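A structural walkthrough
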Amino acid sequence: MSASLQLDGSNLKMEDMAAVLAGKIFKVSIVKSHSQTSERSFQQSDLPTKSFGEQGEGFLDSLRDWVQSDGELLPKEVGLLSLYLLLNHSVKHSDVLSDGLLQRVLLFVNHGIEPCLHKENRTETSAMSELALILYGEEELLCYHQGQFKAVGSLFEELGLTKLQYTREDVAFITGLCCVSTAMSIYAAAEASRLTKTADICVAMQLEAIRGETGAFDRRLHELGRPYNSQIEVAENVRRIIKDSEFTTERGREAYGGDNGPRCQDAISIRAVPQTHGGVRDTVKWLKEQLDKDINDIAEKSNPLIGYLLDLVIVGLIDLGNISERRSFRLLDSKMSYGLPMNLVGENPGFNHGFPVIQAAATAILAEMKLLALPNTAFSKIDHITRKYVCTTLESSLKMLDAISLLNKILGIEMYMAAQGMDLAKSKLVDFEFGIGSKEALHVFRNFVQTVKVNRFASPDMVAAEKVVTDGIVLQAVEDIVGNLK
Amino acid sequence: MKDANLYIDGYSLTVEHIIEAVRGEWKSVRLEAEAKARCESSRAQVSRWLGSDAPVVYGVNTGLGNLKDTALSPEEHLDWNKTIPYPHAVGVGEYLNPVITRTSMLIRANVLSRGYSGVRPQLIERMLEIFNHGIAPAVRELGSTGLSDLGPLAHNAMVVGGLEEAQVFYKGRHMSAQACFQELGMEDVFPLECKEVLSQMNGSTMTQAIAIFACHNMQQLLEIETRIEAILNRDQPIIIDSKERVDMAVQKAFEIILNTVNFENNITCDNPLLFEVEDGYEAVMGCNCSNTQVGYVMDLLNFLIADKANYIMEFINRLDFEEGGRLNAIREAAAARVRLIHSLSLPASADSISTKANQEDHVEFSFGAARKALKALTAYQSLLSYLLAAATKTDAVRKNTSKVLEVFPDLNVNTTGSSANLAASINHYLTGKFDLVSLIVKTDGD
């Protein structure tokens, strides 16, 4: 039985959005607000309406002017999230909107129909116009429904839907809203959270492999010393994942014999993890806190604050890439890894090459990531012709997708190498146990990528490792054991 | 307020307090009594560790590097602390604005007063004495990654200890620290004891001082902008699309920045930290010298200024249009400042380069982020000066000089001469009137 959700324009929650992202289909209904803004008219809205001199097809042609239906698609969840936002906002203005529009959006969300928007529609007006055309029934556009992509024409036929009759107000209203960039930001923030948690797991695996020193994760350093919540959370996550580890102890270090005397502290890329990963989390937190407000107050025309915060999350994700790449790097060198075989070679070094080029790929991808650092905000402007502010938030959100995709790969490589390091450490200390979460992480990762003993085609392993990260497979497995990570 | 003292305790120092203290709006800054007791208590443990049968506690009674497993005596620590700041005291380029380095002394005193660092309260009082006298360490601007401002803070430690080669700025004079102390009747040498050099150097307090002034400048510039807009809008409002929305967005984002900088004022950032356990204290090593969030928010500040700059430019464009192109020189000069601000928006925090033979293999570059934010704010100040110059020129043409003077009554500039010089005069006026702080101040003889 599906849960029900009654929208009144002010009660949408980020948890609901997370549930939609996770594939939940709500039974949605709406309560029309009593204090309506019937005074307002959307006819003065942005450009598309300017050419709405006539009824009927005139609207549609001007919408079509803005929409490219070519190239890659946005994540399909974004279309559905956009509809929730549109619906929630429409409730507040239902007196000027046609009932047909509200019923059409309701039908889409209740059937779990996900409009597929094209990436090439790089402005909010274009993206919202595509959404509007899909709701109308533009035949060659796409939706995702019941596990498959369907052309809108055949979907409408299947569901017995007719084309929507828009009013001038409907179109002006839809095309003036920032639903798509807000939906993209919700999607991206959830992805960023997955990545920050996954990075904590990578660190735990790394600690096992190098028999790391855990004092840097001591609760007091964070709760008393520098009490950012984010920093406290990361230290706690890592402690929970490595709970009961015998490798990350003085006894483990002595037994392995990779140290000369007691280990004082690990390198910064390991011991500054609570601070650095914590800082990255804060950028995501700031974005989520603003989204929490925006989902019940969708901006018309521009939402610059979300853009600034997205640009900053991109910086944070790049920094997560910076620190991950340095951790992978340390595993290549026997001195830095406290005695793991050079280049993590499984057997017969010299003949077998190990991981140096795989690690260098992380470096290369990181350099690619850094090219995304320039904030789109710096290119917002006041258009010379129209004298309108050109907001870049949607463009920032598109760039964020690229950042997420690249970081999946960098963390995939770190996990791949840390898993190899764990296996090599374990082969020397067979009676020692890993921590409860890191043991599970290794176990599950090995269902997808095997230990490397002899020279083997690297690329498929890297692609598989990336998928483990992207799909949250190891994350889910670890959370099943240690409980939800913070 | 002039008659009251500001007490620091490590938990409550704000940007506002700091600016007030720097401006001399408090009689002096003192260490609060409870904080002093906390410091005495943790320091007593350090003294116990310095006893003859104490265990080796890394970072407390040991040396560094090859000496890390060797316990040093209190005398050896005194000797060591006379030279160990020197190889850390890196720095090239121009001298940082003395207002910034002086402020770092206050911020650091506050950090140490939390009590986790195990230094003597006398050290904190010495730092406050230097601050209260208006003495500023002479520190060159380049050489810190922001993963600890080791270079700048080693300079501070040299000054605090009264090391022979330490230099300061005092009332515009660049002089030796010892000579300055003697002139003021202070102890010229303050022997630094066990743990007291590392406790001063570890952490990013110079970055923090720059960030404080970035926040201060931003607050002042937003105020200046509001005032200039009041002039422009007095008779006939100039409506620019979405301006209110951008203003609101900038304001909200700036709240995040200010909250973060205020939070970072009251943290502990050195190593090791002393935490109370049943029978005394335990020393724990960590990495709270990473001030990740500060670097991020300084980059964010740059983004905000980049968006703001577009609006200032639009005002100037409109004024120039109304004046039939007479403000062309102002318009083009202003546009160059907008481009400078935009080019400075490349974030510093997205980079990291491994240092110290891969031991410090991730750095924040927060020092660079804060420096860059302050530079962007200086460019923004210049941009606002051009806007005010444009308003002044327009005013003059219309034979109505009262508009500008109503808002800036003490602005006394020549409106008939060169536009560029007019903007420069306005820029100087704003600097003085609103206490705007730049990264570098050229002084005679440097």
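Reading the values: the criteria
Residues numbered from 1 in each chain as written. Chains lettered and ligands numbered in written order. Predicted model: local features only at pLDDT ≥ 70, side-chain atom pairs only at ≥ 80, totals over all residues. Heavy atoms only, no water. Helix = DSSP H or I, 4+ residues; strand = E, 2+ residues; numbered from the N terminus. Rg over C-alpha atoms; globule rule 2.2 N^0.38 Å. Contact = heavy atoms within 4.5 Å. Areas by Shrake-Rupley, 256 points an atom, 1.4 Å probe, with all protein chains shown as cover. Salt bridge = Lys/Arg side-chain N within 4 Å of Asp/Glu carboxyl O. Buried < 20%, exposed > 50% of the residue type's maximum accessible area, 1.4 Å probe, protein only. pLDDT = per-residue confidence, 0-100. Domains from an automatic or database assignment. Buried area = accessible area lost by both parts, 1.4 Å probe. Polar contact = N/O pair within 3.5 Å; in protein donor to acceptor, adjacent residues only side chain to side chain. Nonpolar A, V, L, I, M, F, W, Y, C, P; charged D, E, K, R; others polar. Axes fitted to C-alpha atoms, helices over the stretch in contact; angles between N-to-C directions. Parallel < 35°, antiparallel > 145°, perpendicular 65-115°, else oblique. Left-handed = near helix turned anticlockwise from the far one by under 90°. Pairing = 2+ DSSP bridges. Right-handed = clockwise from strand over helix to strand, strands pointing away. Patch = residues over 30% accessible without salt bridge, like charges linked within 9 Å, V, L, I, M, F, W, Y side chains within 5 Å.

1. A short note on the overall build of chain B
- Scanning chain B for helices and strands turns up 16 helices and nine strands.
- Relative to the compact-globule value of 22 Å for 446 residues, chain B shows a C-alpha radius of gyration of 24 Å, a close match.
- Taking the principal axes of the C-alpha coordinates as reference, chain B spans close to 85 × 45 × 40 Å.
- Relative to all contacts within chain B whose residues are 6 or more apart in sequence, the contacts with residues 24 or more apart total 77%.
- Of the roughly 16,900 Å² of accessible surface on chain B, a fraction of 51% belongs to carbon and sulfur atoms.

2. Re the pattern of salt bridges
- Tallied over the entire structure, the rule returns 57 salt bridges over all chains.
- Lys486 of chain A is paired through a salt bridge with Glu236 of chain A; the nearest N and O atoms lie 3.1 Å apart. Of this pair, Lys486 of chain A sits in the segment after helix H19 (473–482) while Glu236 of chain A is found in helix H10 (residues 229–241), placing the two residues 250 residues apart along the sequence.
- The class for Glu236 of chain A is partly exposed, based on a relative accessible area of 22%.
- One salt bridge in this structure joins Lys243 of chain B and Asp247 of chain B, with 2.7 Å as the shortest N-O distance. Taken together, the positions of Lys243 of chain B and Asp247 of chain B, both in helix H11 (residues 243–265) and four residues apart, correspond to about one turn of that helix.
- Residue classification places Asp247 of chain B among the partly exposed positions, given a relative accessible area of 24%.
- Several salt bridges converge on common partners, so that one network encompasses Glu225, Glu229, Lys243, Asp247 and Lys308 of chain B.

3. Quick word on the confidence of the model for chain A
- Summing up the model confidence of chain A, the mean pLDDT is 94 and the portion of residues at 70 or higher is 95%.
- Contacts from residues 43–55 of chain A, a stretch scored under 50 in pLDDT, to residues over four places away or in other chains number 24 contacts.

4. Overview of the domain arrangement of chain B
Residues and elements named next belong to chain B.
- Assigned domains within chain B: domain 1 (6–205) and domain 2 (206–274 + 282–433).
- Of note, the centres of domain 1 and domain 2, computed from C-alpha atoms alone, are 31 Å apart.
- Per-residue buried area on domain 1 facing domain 2 is highest for Val15, Thr145 and Leu147; these three make up 20% of the total on that side.
- Across the contact surface, domain 1 and domain 2 share two salt bridges.
- Salt-bridge contacts for Glu141 lead to Arg371; the nearest nitrogen and oxygen are separated by 3.0 Å.
- One can count 27 residue pairs in polar contact (both at pLDDT 80 or more) joining domain 1 with domain 2.
- Mapped by element, the contributors of at least two residues to the side of domain 1 that touches domain 2 are helix H1 (15–22), helix H2 (33–49), helix H5 (98–112), strand S5 (140–142), helix H7 (150–161) and helix H9 (198–201).
- Here the element with the most residues in the side of domain 1 that touches domain 2 is H5; it accounts for nine residues.
- Grouping the constituent residues of the side of domain 1 that touches domain 2 by class yields 24 nonpolar, 22 polar and six charged.

5. Some details on the environment of Tyr58 of chain B
- Note on placement: Tyr58 of chain B falls in the loop between H2 and helix H3 (74–83).
- Since its relative accessible area comes to 21%, Tyr58 of chain B is described here as partly exposed.
- It is 24 Å that separates the C-alpha atoms of Tyr58 of chain B and Ser354 of chain B, two residues lying 296 residues apart in sequence.
- For Tyr58 of chain B, the residues in contact, after removing those within four places along its chain, are Cys264 of chain A together with Gly63, Leu64, Lys68, Pro272 and Met285 of chain B.

6. Description of the packing of helix H10 (residues 205–233) of chain B against helix H12 (residues 292–322) of chain B
Residues and elements named next belong to chain B.
- Viewed as axis vectors pointing N to C, H10 and H12 meet at an angle of 20°, and their least axial separation amounts to 12 Å. It follows from the interaxial angle that H10 and H12 lie roughly parallel. The handedness of the crossing between H10 and H12 is left-handed. Between H10 and H12, the residues in contact are Thr207, Gln208, Ala211, Ala214, Met218, Leu222, Glu225, Glu229 and Leu232 and Val294, Met298, Leu301, Leu304, Ile305, Lys308, Ile312, Phe315 and Leu319, respectively.

7. Comments concerning the interface of chain B and chain A
- Contact residues are listed per partner, giving 61 residues for chain B and 63 residues for chain A.
- Buried surface at the junction of chain B and chain A, summed over both partners, amounts to about 5,200 Å²; 58% is from carbon and sulfur atoms.
- Among the residues chain B hides against chain A, the three largest losses belong to Gln293, Tyr296 and His362 of chain B. Together they make up 13% of the total.
- On the surface where chain B and chain A come into contact, there are five salt bridges.
- Scanning the region where chain B abuts chain A turns up 32 residue pairs in polar contact (both at pLDDT 80 or more).
- Among the secondary structure elements, those contributing two or more residues to the side of chain B that touches chain A are H11, strand S8 (273–277), strand S9 (280–284) and H12 of chain B.
- Sort the elements by how many residues they give to the side of chain B that touches chain A and H12 of chain B lands first, with 14 residues.

8. Brief notes about the domain arrangement of chain A
Residues and elements named next belong to chain A.
- Examined at the domain level, chain A breaks down into domain 1 (3–32 + 45–177) and domain 2 (183–482).
- Distance between the C-alpha centres of domain 1 and domain 2: 36 Å.
- Facing the 27 residues of domain 1 at the interface are 20 residues of domain 2.
- On the domain 1 side of the contact with domain 2, Met14, Leu85 and Arg122 bury the most area, a combined 28% of that side's loss.
- Summed over the shared surface of domain 1 and domain 2, the result is zero salt bridges.

9. Looking at the side chain of Ser126 of chain A
- Within the secondary structure layout, Ser126 of chain A lies in helix H5 (residues 124–136).
- Excluding residues within four positions of it along the chain, Ser126 of chain A makes contact with Trp66, Val67 and Asn121 of chain A.

10. Points about the pairing of strand S1 (residues 4–7) of chain A
Residue and element names in this part refer to chain A.
- With burial as the criterion, only one face of S1 is covered, namely that bearing Leu5 and Leu7; the residues Ser4 and Gln6 on the opposite face remain uncovered.
- As paired elements, S1 and strand S2 (residues 27–30) share four bridges and run parallel to each other. When the sheet's bridge partners are listed, Leu7 is paired in S2 with Ile30.
- Handedness of the crossover joining S1 and S2 through helix H1 (residues 14–21) is recorded here as right-handed.

11. What about the sheet that holds strand S4 (residues 135–137) of chain B?
Residues and elements named next belong to chain B.
- An order of S4-S6-S7 is seen for the three strands of this open sheet, with the pairing classed as antiparallel. Both outer strands of the open sheet, S4 and strand S7 (173–176), are each paired with one neighbouring strand and no more. Taking the axes of each pair of neighbouring strands and ignoring which way they run, one obtains an average angle of 35° across the sheet.
- The pairing of strand S6 (residues 167–170) with S7 spans four bridges and is classified as antiparallel. Following the sheet pairing, Tyr170 is matched in S7 by Arg173.

12. Remarks on a nonpolar patch on the surface
- Together, Leu374 and Phe379 of chain A together with Leu346 of chain B give the surface a local cluster of nonpolar side chains, amounting to about 290 Å² of exposed area.
- Relative to the helices and strands, Phe379 of chain A resides in the loop between helix H15 (356–370) and strand S6 (381–382).

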